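If you want the building blocks of each chain, they are given just below.
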Amino acid sequence: MTDLTYPIKGSCQCGGVTYELLSAPLKVVACHCRQCQKLSSSAFSITAIVPASALVFRGIMSDWSRTCDSGNSNNAKFCPTCGNRIYHVNPAEPDNLKLKACNLDDTRMLKPSAHIWISEKQDWFQLPAGVATADKGA
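This is a predicted model, so every value here is computed, not measured.

1. Focus on the sheet that holds strand 2 (residues 18-21)
Moving on, step 1. In space, the three strands of this open sheet follow the order 1-2-5, with antiparallel pairing throughout. Since the sheet does not close on itself, it has two edges, and those belong to strand 1 (8-11) and strand 5 (55-58), each with one partner. Going from strand to strand, the sheet's axes swing by 20 degrees on average, the running direction of each strand aside.
Moving on, step 2. Alignment of strand 1 against strand 2, held across four bridges, turns out to be antiparallel. Bridging from a neighbouring strand, serine 11 pairs with threonine 18 of strand 2.

2. Considerations on the sheet that holds strand 6 (residues 62-67)
Moving on, step 1. Here eight strands make up an open sheet; going across it, the order is 6-7-8-9-4-3-10-11 and the pairing mixed. Edge strands, defined here as strands with exactly one partner in the open sheet, are strand 6 and strand 11 (132-134). Going across the sheet, the axis of each strand differs from the next one's by a mean of 25 degrees, ignoring polarity.
Moving on, step 2. Summarising the sheet, strand 4 (residues 45-51) and strand 9 (residues 96-99) pair through four bridges and their orientation is antiparallel. By the bridge assignment, isoleucine 49 is partnered in strand 9 with lysine 98.

Here is what the cut-offs are and how they apply
Residues numbered from 1 in each chain as written. Predicted model: local features only at pLDDT ≥ 70, side-chain atom pairs only at ≥ 80, totals over all residues. Heavy atoms only, no water. Pairing = 2+ DSSP bridges. Helix = DSSP H or I, 4+ residues; strand = E, 2+ residues; numbered from the N terminus. Axes fitted to C-alpha atoms, helices over the stretch in contact; angles between N-to-C directions.

See below:
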C-alpha cells in the first residue's frame, strides 16, 4: 500500500485508549484458534506484528494473561472501560507486539499474508488461494 501515510491513528471502541502506528506492520496474520474466535466473536482474529517502537499509546490499559498451548505466555492489554483488546505480547519477545489492528482508522494494510491455527478454523470458512497456512501457530 504505497498510498498509506503514517502515522495511522487507532482507538478502542469508547476512545479511552488511543494510539498511533508509526510504520507498516512487519507481518499480518489471521489466527483461527478457538481463543481468537472467542476474542473476536468471529471466525478468526487479525493480528499485525509490529515493533513496539512503532507504537505510541495514550490512555490507561488493563492486563490479562494466559498460557498458550505452546507454553508461551500471551499477555493482553485492553481498555478497562469498553473491554476492547488493543494488543498482545509474549514477555519473552517484548520488542514485537501483536496489535489487534482492526481498530485502526485505516485498515487497508491488514491483508493477512498467512492463516494460522487452521486446524481449528470454522468449517464454512474458505481459505484464500495462495496464502501461507499453518495447522497450528506460525
